[in-house]
Structure formats: C-alpha cells, structure tokens
Amino acid sequence: MKRFRQYRETQEIRDRYADVRQPAAADFIYPYFVTEGTGVRREIPSMPGICRFSTDELPADVEELLSLGINKVLLFGVIDEKEKDERGSVGYGAGNIISRAVRAIKNRFPEVVVFTDVCLCEYTSHGHCGLIRGRDVDNDATLPLLAEMAYQHAVAGADFVAPSAMMDGQVQAIRERLENGGLDTKILAYSAKYASAFYGPFRDAAASAPAFGDRKTYQMDFRTKDQGLEEIAADIEEGADWIMVKPAMAYLDILYRASERFPAYPLVAYQVSGEYAMLKNGAARGFFDEERVFAESLTAIRRAGADYIISYYAKDFMKTLKINKT
C-alpha cells in the first residue's frame, strides 16, 4: 500500500510539498473600467467591489494598487450611449477615453505597465466587436479600425495593446499599423477567446451588450478542443508577443495545452466577470469562504500554466496576503 497521508499531516508539511505556489503580485493584471466625467467612482451592481472610474479618479486607485505590489493594469472604455455610432468612431479618435486614461496613469506612475483593450463593442451603437454588414460582422472592414485604435493607444503610451474582437487577421493589421507608425508597442492577443455565458457582468459594466444576436460567429465555440491552439498559433505567426485564454476556470484544459505547446510565449488567463461575480456572490451568501475559494481558483489557473492572470479579485487577494503576513 502506497501511503500519501504523510505529505498532509501538518500545514508545514503541506507547504513543503506544495509544488505550485499561489499567485503573487507580479502575476496579476488588474482590469479598470474608465468612464467619462469627473469625480466618478461608481460601483458596478453586477460586480461587487468593482467600480467605474473617471480619468481624474483613476490614478488614486492605481496608487493603492501599487502599494500592494501590483504594477500591471488593463483598461476598458465606457461611454454614453449617445456618443456611440455604427463605426465606433469615438473609440479610435485621437482624444479617445482610453488614450486619456493611459496618459493619466503614465504621467503619474510611469512604472505601471498599461494594457489596453482593442475592440469596437464598447463604442458601437450595435454593441458588436466589429462593423456590421447585414446581421453579421464585416471582418476585413473592421481590421483598419482596430489597427487605428491600437495605434492611438500606443501613441498615448500604452505598453501593450490587447485586441479582443476575434477578427481574423487583427494581430497582423495592428502589427503593421504600429510598425508603419514607428512604434514597437507589444501585442497581447486574446487568442483563444470563447463565446461564453461568463461574460454577463462585463457587458453590464462596459455597457457593451449586443443590440441584436450574439457573438458566436466570431468568438469561439466552447465545444471545440483544438481551434484554440490553432488561433494561438495564428496570432503568434502574425506578430503577437503574449497570448491569452479567456475565460479561465472553464478552460483550464486549453490553458494547460497552450502552456505546453507555446512555452516561449508569456501566457495570460482572464478570470472573467462572471467567474468573479459567481465566487464573490456565493461567498457573500455563505456558500463558501471567500478567501479560500479565490485562493483555490487562482492557484488552479497558475497550476494549469498561466504566467499572468487578469482578475478583478487581484487587489483583494493581495490585501488578504498582506493581512495574513502581519
């Protein structure tokens, strides 16, 4: 009989044999929703503890983030419905809200690594990730708009642009626009992004729900097993520097396979809004211990192979670690 209980008898022994460490501050990328106006710090009802910030309020929260050791942020824009149009033009104009947010952060904290989301869904009146032709997206007509959005973010000082629209060829179009503009900004590709029900709270937070239909014609079918790896390989060929699997918890198998197949490329996993809200609300109702369930879920994401984790819980996680150390 093989005995395993000897590895679990005390906390000290369990720590000694734990071969996957919990995430540290350097592993996290913290998402922010940036909105128009001044003096705005407004909690999002579907995402407890997460707020929309105006650009003047954002640096103060980033300062708190830095005090916890987290130095990487991902920015999403939230604009008024009346500002949206069919082409999402407010998203890629020179004065777009994300470029202003990048400057607000970089002017105060140049050491912060800023990632920016590149997609039309937050800025179009129809709420889809690309231009619409009939009842579907026009893939190729969308590419130059995504490229221009990424370029504007890069000009403002973004360290990484992160195309999430799932348009074929988006990474190549963005790489060419950056190079033609004399910029070497890195690209974090949302390579394996699935059409998931776990995005629900985000669409509330970013006011980006589709006005009709869904996004299944361009985001990946969750029933596929190999397409995600093919998407990643294509993005790498087109010039991606980092790669991503999204969502995280329901796709740990894809995450693991990506880490094994593409070890030379930093791999990011996105613990998305629905995953966060599910655990947060479940803990609030007493179904499980919040600290433990997030520690387990985030460690599982690392165990599957993620080098970095985008998580709305990153700040709370690091606060808990700080408290437990004192």
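Residues numbered from 1 in each chain as written. Predicted model: local features only at pLDDT ≥ 70, side-chain atom pairs only at ≥ 80, totals over all residues. Heavy atoms only, no water.

Enquirer: Can you walk me through the overall build of the protein chain in this structure?
Expert: The secondary structure content of the protein chain amounts to eleven helices and twelve strands. Against the 2.2 N^0.38 benchmark of 20 Å for 326 residues, the protein chain shows a C-alpha radius of gyration of 20 Å, consistent with a compact globule. For the protein chain, the C-alpha atoms occupy an extent of roughly 65 × 45 × 40 Å along the three principal directions. Out of the 326 residues belonging to the protein chain, those deemed buried represent 55%. By sequence separation, contacts in the protein chain at least 24 residues apart represent 75% of the contacts at least 6 residues apart. By element, 48% of the accessible surface of the protein chain is carried by carbon and sulfur atoms, the whole surface being about 14,700 Å². Where the 41 positive side-chain charges of the protein chain centre and where its 48 negative ones centre are 6 Å apart. (Helix = DSSP H or I, 4+ residues; strand = E, 2+ residues; numbered from the N terminus. Rg over C-alpha atoms; globule rule 2.2 N^0.38 Å. Buried < 20%, exposed > 50% of the residue type's maximum accessible area, 1.4 Å probe, protein only. Contact = heavy atoms within 4.5 Å. Areas by Shrake-Rupley, 256 points an atom, 1.4 Å probe, with all protein chains shown as cover. Lys, Arg positive; Asp, Glu negative; His and termini not counted. Charge placed at Lys NZ, Arg CZ, Asp CG, Glu CD.)

Enquirer: Mind showing me how you'd approach helix α8 (residues 252-261) here?
Expert: Side chains three or four residues apart in an α-helix point the same way, a direct result of the helix having 3.6 residues per turn. Every buried residue of α8 is accounted for by I254, L255, A258 and S259. End-on view of α8: buried residues confined to an arc of 135 degrees, all on one side of the axis. Residues of α8 that are buried in the fold lie against α7 (227-238), β10 (242-246), β11 (267-271) and α10 (290-303). (Arc of directions from axis to C-beta.)

Enquirer: Can you walk me through the environment of G91 in this structure?
Expert: Summarising the element assignment, G91 is placed in the loop between β4 (72-78) and α3 (97-108). Between the alpha carbons of G91 and E111 there is a distance of 25 Å; along the sequence they are 20 residues apart. In this structure G91 touches N96, Y123, M149 and H153, once residues within four positions along its chain are discounted.

Enquirer: Where do I start with the nonpolar core in this structure?
Expert: Most often, soluble globular proteins have nonpolar side chains that are buried together. In this structure, Y32, F33, L58, L75 and Y270 are the most contacted members of the largest nonpolar core, which totals 106 residues. Ranked by residue count, the leading element in this core is helix α4 (residues 139-156), at eight residues. Ignoring sequence-local partners within four residues, the contact set of Y270 consists of P31, L74, F76, Y190, M244, V245, K246, P247, A248, E275, I310 and Y312. (Core = buried A, V, L, I, M, F, W, Y, C linked by side-chain atoms within 4.5 Å.)

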